[in-house]
Amino acid sequence: MSQCDQKTQRVTLGDHLMATNPEEVKSLLGFKDSKRVIMIKAKKKKQRPDMCQSVCEGLRQIPQKELSSTYFYDEQGSKLYEEITRLPEYYPTRTERVILETIADELLSLIPIAQLIELGSGSSEKTRVLFNASHAHSFIYIPIDVSDTMLGASAQQLTTEYPDLNILAIAGDYENALHLLPPSSNRLFLFLGGTIGNFTQTFQAYFFTSLLKQMSHGDHLLIGFDRAAHDTKPPELIENAYNDAQGITAQFNLNILNHINRQLQANFVLEQFQHRAVYNPKQDQIEMHLVSQCNQAVTIGSDQQEENQTFHLAKDETILTELSRKFHPEQLQKSFEMLGYTHAKTWEDANRHFGLMLLKKR
Ligand SMILES: C[S@@+](CC[C@H](N)C(=O)[O-])C[C@H]1O[C@@H](n2cnc3c(N)ncnc32)[C@H](O)[C@@H]1O
């Protein structure tokens, strides 16, 4: 609490408070009468691999090298993602917004929200639809994002746009942040943007089982999911969304190497890789790769570091950077019911391109 001005109960953005347990967070939230933003950094749980370990393990993988899509989101990556959401080819964001606008009043009448917790909040752009619909802003907004510059900037912007909104911004990985959530009932967890598609099936089951353990009776989860190709959704529509004419998605994909170069003193040469994104209709997923343009070697860690490691890539060998799974609503519903969730309602746009699924704790 040392950085917190007791008089105004306002914490300067950029002064990240460290909180290690829900009790500390609860005491930070205790100032009900003041308008403010609190920004805290979620501490890494000990057993989670760090970035260097995760990147090296991914590059060591046989036969398919891979990198976690979480590493797309440094400051530049978050900006590029925002650009992607405005591209004409990228239908998911605008479609999800239309659905949210249509259902906002109904949703708010179903759940008397005390805390609105957004996993992977990004710019919180679409969340504004819910802020606008709930005129009283009686809830605390808790955005969680690994991209702390984007999180800080959007929290700052929200305080200007919604001076009555209380914000607790948690910078860090979803899993680390979830353990910090102060207990409450009537919480709505938001997981928008089709980000669920970036999880493997195994991780999806693990992650949402852990989330369910954190949820109390009366809590809900709203998930935005991109639909698999079907009669009114040709596969080309999906593939084009990841291969835009302006090449912004290609820049976003390549930026993961910049992020790794900077964070881990690696020496990827971006010009020696090319973006590729293909729709795999059997698996209902976009598979995004970086294709090596030549035989090359990449070192993670500088020459001065004892633990530097070198990886070899053959010409045309690829690094898998993202899976973006697409869903059939009935199957998605079943997979959540198997984990112990109760399905409340699913909404879709008129073309059935995108969906929002509301689940609750049984
Ligand atoms: C596909 S974007 C979606 C952003 C926003 N929810 C939307 O619908 O436009 C994914 C967001 O999740 C964040 N993110 C990715 N991996 C994360 C992780 N492991 N923990 C927390 N946030 C993460 C990214 O920084 C990014 O803002």
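Residues numbered from 1 in each chain as written. Predicted model: local features only at pLDDT ≥ 70, side-chain atom pairs only at ≥ 80, totals over all residues.

S.K.: Report on the overall build of the protein chain, specifying residues and quantitative values.
M.R.: Broken down by element type, the protein chain carries eleven helices and 15 strands. For the protein chain, the proportion of its 362 residues judged to be buried stands at 38%. Put simply, 72% of the contacts in the protein chain that link residues at least 6 apart link residues at least 24 apart. (Helix = DSSP H or I, 4+ residues; strand = E, 2+ residues; numbered from the N terminus. Buried ≥ 20, exposed ≤ 12 C-beta atoms within 10 Å, placed from the backbone. Contact = placed C-beta atoms within 7 Å.)

S.K.: Just give me the short version of the site of the ligand, but keep the residues and values in it.
M.R.: Around the ligand, the structure places 19 residues, and the nearest of them are Y73, G120, G122, L192 and G193. Breaking the shell around the ligand down by element, the ones donating at least two residues are α3 (75-85) and β5 (140-145). The leading source of residues in the shell around the ligand is α3, at three residues. Looking at side-chain class alone, the shell around the ligand contains six nonpolar, ten polar and three charged residues. (Near = placed C-beta within 6 Å. Nonpolar A, V, L, I, M, F, W, Y, C, P; charged D, E, K, R; others polar.)

S.K.: Help me get a handle on the pairing of strand β8 (residues 220-226), residues and values and all.
M.R.: Note on strand geometry: in a regular strand, side chains alternate between the two faces of the sheet. Of all seven residues in β8, seven are buried; the element is thus mostly enclosed. Burial of the side chains of β8 extends over both faces: H220, L222, G224 and D226 are buried on one face and L221, I223 and F225 on the other. Bridge analysis of strand β7 (residues 187-191) against β8 gives four bridges, and the strand direction is parallel. In the sheet register, L190 faces β8, and the bridge partner there is L222. Handedness of the β7-helix α8 (residues 201-214)-β8 crossover: right-handed. Where β8 lies against strand β15 (residues 354-361), seven bridges are found, and the strand directions are antiparallel. Paired with F225 across the strands is G355, a residue of β15. (Pairing = 2+ DSSP bridges. Right-handed = clockwise from strand over helix to strand, strands pointing away.)

S.K.: I'd like to hear about unusual backbone geometry, residue by residue, with values.
M.R.: Here I62 and P63 are connected by a cis peptide whose omega angle stands at 0 degrees. Relative to the helices and strands, P63 resides in the loop between α2 (51-60) and β3 (65-66). Within the chain, D284 stands out as a residue other than glycine whose phi angle is a positive 55 degrees. In this structure, R352 is a non-glycine residue whose phi angle is positive, near 55 degrees. Tracing the sequence through the fold places R352 in the loop between β14 (341-348) and β15.

S.K.: A description of the nonpolar core should follow, citing residues and the corresponding values.
M.R.: Among the nonpolar cores identified, the biggest contains 53 residues, and L116, I142, A169, I170, F189, L190 and F191 are the most heavily contacted of them. Here A169 is in contact with V37, M39, P143, L151 and A155, once residues within four sequence places are set aside. Grouped together as the second largest cluster of nonpolar side chains are 23 residues, F72, F252, A266 and L290 included. (Core = buried A, V, L, I, M, F, W, Y, C linked by C-beta atoms within 7 Å.)

S.K.: Account for the packing of α2 against helix α10 (residues 248-264), naming residues and giving values.
M.R.: Close contact between α2 and α10 brings their axes to 11 Å; oriented N to C, the two are set at 130 degrees. Viewed along their axes, α2 and α10 adopt a mutual orientation that is oblique. For the pair α2 and α10, the sense of crossing is left-handed. The segment α2 lies against α10, with M51, C52 and V55 engaging I260, Q263 and L264. Grouping the amino acids of the contact of α2 with α10 by side-chain chemistry returns five nonpolar, one polar and no charged. (Axes fitted to C-alpha atoms, helices over the stretch in contact; angles between N-to-C directions. Parallel < 35°, antiparallel > 145°, perpendicular 65-115°, else oblique. Left-handed = near helix turned anticlockwise from the far one by under 90°.)

S.K.: Just give me the short version of the environment of Q214, but keep the residues and values in it.
M.R.: Its place among the elements puts Q214 in helix α8. Given 16 C-beta atoms within a 10 Å radius, Q214 is considered partly exposed. C-alpha separation for the pair Q214 and P182, spaced 32 residues apart in sequence, amounts to 9.9 Å. When neighbours within four sequence positions are excluded, Q214 is seen to be in contact with L178 and L181.

S.K.: Account for the packing of α3 against α10, with residues named and values stated.
M.R.: Between α3 and α10, the shortest axis-to-axis distance is 9 Å and the interhelical angle comes to 170 degrees. When the axes of α3 and α10 are compared, the pair comes out roughly antiparallel. Note on element contacts: α10 touches α3 through I248, T249, Q251, F252, N255, N258 and H259, opposite Q76, G77, L80, Y81, E83 and I84.

S.K.: Help me get a handle on the sheet that holds β3, residues and values and all.
M.R.: The sheet built from four strands is open, its strands ordered β3-β13-β10-β9 with mixed pairing. Lying at the two open borders of the sheet, with one neighbouring strand each, are β3 and β9 (273-280). For strand β10 (residues 285-292) and strand β13 (residues 318-325), the ladder comprises seven bridges, and the chain directions are antiparallel. Note that in β13 the partner of V291 across the bridge is T318. Against the sheet, α10 makes contact with β9, β10 and β13, and its axis sits at roughly 120 degrees relative to β9, the strand it touches most.

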